Amino acid sequence: GAVVSQHPSWVICKSGTSVKIECRSLDFQATTMFWYRQFPKQSLMLMATSNEGSKATYEQGVEKDKFLINHASLTLSTLTVTSAHPEDSSFYICSAGGSYEQYFGPGTRLTVT
Amino acid sequence: QKEVEQDPGPLSVPEGAIVSLNCTYSNSAFQYFMWYRQYSRKGPELLMYTYSSGNKEDGRFTAQVDKSSKYISLFIRDSQPSDSATYLCAMSMNTGFQKLVFGTGTRLLVSP
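Everything in this summary refers to the structure shown in the same document. A quick note: this is a predicted structure, and the numbers were derived from the prediction, not measured. (Residues numbered from 1 in each chain as written. Chains lettered and ligands numbered in written order. Predicted model: local features only at pLDDT ≥ 70, side-chain atom pairs only at ≥ 80, totals over all residues. Heavy atoms only, no water.)

### Observations concerning the interface of chain B and chain A
Next, step 1: Opposite the 16 residues of chain B that make contact, chain A presents 20 residues.
Next, step 2: Between chain B and chain A the total buried area reaches about 1,400 Å² when both faces are included, carbon and sulfur atoms providing 52% of it.
Next, step 3: Of all residues in chain B, B:Phe97, B:Gln98 and B:Phe102 give up the largest surface area on contact with chain A, accounting jointly for 34% of the area buried on that side.
Next, step 4: Summed over the shared surface of chain B and chain A, the number is one salt bridge.
Next, step 5: In this structure, B:Lys99 engages A:Glu59 in a salt bridge whose closest nitrogen and oxygen atoms are separated by 2.7 Å.
Next, step 6: Between chain B and chain A we count four residue pairs in polar contact (both at pLDDT 80 or more) in total.
Next, step 7: When its residues are assigned to classes, the side of chain B that touches chain A shows seven nonpolar, six polar and three charged. (Contact = heavy atoms within 4.5 Å. Buried area = accessible area lost by both parts, 1.4 Å probe. Salt bridge = Lys/Arg side-chain N within 4 Å of Asp/Glu carboxyl O. Polar contact = N/O pair within 3.5 Å; in protein donor to acceptor, adjacent residues only side chain to side chain. Nonpolar A, V, L, I, M, F, W, Y, C, P; charged D, E, K, R; others polar.)

### Thoughts on the nonpolar core
Next, step 1: Ranked by size, the top nonpolar core spans 24 residues in total, and within it A:Trp35, A:Phe67, A:Leu79, A:Tyr92 and A:Leu110 carry the most contacts.
Next, step 2: When contributions to this core are tallied by element, the ones reaching two or more residues are strand E2 (10-13), strand E3 (19-25), strand E4 (32-38), strand E5 (44-51), strand E7 (67-73), strand E8 (76-81), strand E9 (90-97) and strand E11 (108-112) of chain A.
Next, step 3: Grouped together as the second largest cluster of nonpolar side chains are 23 residues, B:Val4, B:Val13, B:Tyr25 and B:Cys89 included. (Core = buried A, V, L, I, M, F, W, Y, C linked by side-chain atoms within 4.5 Å. Buried < 20%, exposed > 50% of the residue type's maximum accessible area, 1.4 Å probe, protein only. Helix = DSSP H or I, 4+ residues; strand = E, 2+ residues; numbered from the N terminus.)

### Quick word on the pattern of salt bridges
Residue and element names in this part refer to chain A.
Next, step 1: By the definition in use, this model includes six salt bridges over all chains.
Next, step 2: Notably, a salt bridge pairs Asp88 with Lys66, separated by 2.9 Å at the nearest N-O pair. You can see Asp88 sitting in the loop between E8 and E9 and its partner Lys66 sitting in the loop between strand E6 (57-58) and E7, a full 22 residues away along the chain.
Next, step 3: Under the relative-accessibility criterion, Lys66 is labelled buried at 11%.

### Looking at the sheet that holds E8(A)
All names here are of chain A.
Next, step 1: If you walk across this open sheet you meet the four strands as E1-E3-E8-E7, and the pairing is antiparallel. Because the sheet does not close on itself, it has two edges, and the strands there are strand E1 (4-7) and E7. The sheet shows a mean angle of 15° between the axes of neighbouring strands, taken without regard to direction.
Next, step 2: As defined by bridge partners, E1 adjoins E3 across four bridges and the pair is classed as antiparallel. Bridging from a neighbouring strand, Gln6 pairs with Cys23 of E3. (Pairing = 2+ DSSP bridges. Axes fitted to C-alpha atoms, helices over the stretch in contact; angles between N-to-C directions.)

### Notes on the environment of B:Val13
Residue and element names in this part refer to chain B.
Next, step 1: Following the sequence through the fold, Val13 ends up in strand E2 (residues 11-14).
Next, step 2: Note: C-alpha distance between Val13 and Gln38 (25 residues apart in sequence) is 18 Å.
Next, step 3: In contact with Val13, other than residues within four places in its own chain, are Val19, Ser79, Leu108, Leu109, Val110 and Ser111.

### A closer look at the pairing of strand E9 (residues 85-92) of chain B
Residue and element names in this part refer to chain B.
Next, step 1: For E9, a buried count of seven out of eight residues is recorded, marking the element as mostly surrounded by other parts of the structure.
Next, step 2: Where E9 and strand E11 (residues 106-111) come together, three bridges link them in antiparallel fashion. Residue pairing in the sheet places Ala85 in a bridge with Leu108 of E11.

### Observations regarding the pairing of E11(B)
Residues and elements named next belong to chain B.
Next, step 1: Residues Thr106, Leu108 and Val110 line the buried face of E11, whereas the alternating positions Arg107, Leu109 and Ser111 sit on a face that is not buried.
Next, step 2: Here E2 runs beside E11; their pairing, made up of four bridges, is parallel. The residue bridging Leu11 from the neighbouring strand is Leu108, located in E11.

### Observations concerning the state of the cysteines
Residue and element names in this part refer to chain B.
Next, step 1: Applying the stated criterion to the full structure yields two disulfides over all chains.
Next, step 2: Shown here is the disulfide that connects Cys23 with Cys89, its sulfur atoms set 2.0 Å apart. Looking down the S-S bond of the Cys23 and Cys89 bridge, the torsion is -100°, so its handedness is left-handed. Taken together, the positions of Cys23 in strand E3 (residues 19-25) and Cys89 in strand E9 put the pair 66 residues apart, joining distant regions of the chain. (Disulfide = S-S within 2.5 Å.)

### As for the packing of aromatic side chains
To describe a pair of aromatic rings, you give the distance between the ring centres and the angle between the ring planes.
Residue and element names in this part refer to chain B.
Next, step 1: Within this structure, the stated rule accounts for 10 aromatic pairs over all chains.
Next, step 2: Relative to Tyr51, the ring of Tyr32 lies with its centre 4.9 Å away and its plane at 50°, an arrangement referred to as tilted. A residue pair is termed long-range when its members are at least 10 positions apart, and Tyr32 in strand E4 (residues 32-38) and Tyr51 in strand E5 (residues 45-51) qualify at 19 residues.
Next, step 3: With 5.7 Å between their ring centres and 50° between their planes, Tyr36 and Phe102 make a pair best called tilted. (Phe/Tyr/Trp six-rings, centres within 6.5 Å; stacked < 30°, edge-to-face > 60°.)

None of the figures reported here should be taken as evidence of function without further support.
Laid out in structure tokens, this is it:
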């Protein structure tokens, strides 16, 4: 199957700082990428859908000014958590694909102190 | 009430056992039903998907969908220690693999 990578795999930051997470499709072009958040013992929750070259579509309850998503190319999408707070600590997973498949990245664990 | 309910487990079975994993859901508009396997510190990988009701078999894995009961199942035959992982069900409406709604996942432990 297709490979999706994420960087970094784990990040610790101080409250009030911003953190950028990269999601790359390594061997295919992804016109659509998805960002999920997973709290311990909870479901993966879709945060937003991004299409290359256009603004992301955010799910209800997700602050678009706090979680900035950029999908500038067919192989790269970034999620920036701005002014992070401890409650933003979570596991962030991206996926790429479309109608017939979604390929997931390995996830990024964010810890905000 | 969550849209998709899944027992988090853990479910512990001996090697060779038949494993049954289940999810229930409340939204009758769901049409696509998927099962993902997730190893620790890895992203989910697709095991099987079905459209609407019915059964689908792939090797040791069988997926069943009963839309009348809003109930889906994944059966694993001849379970192996390498099957130890978290299994997530996911579903979507008429959008295929877009806008997936996930269950919490069931942690499966297969002991040698």
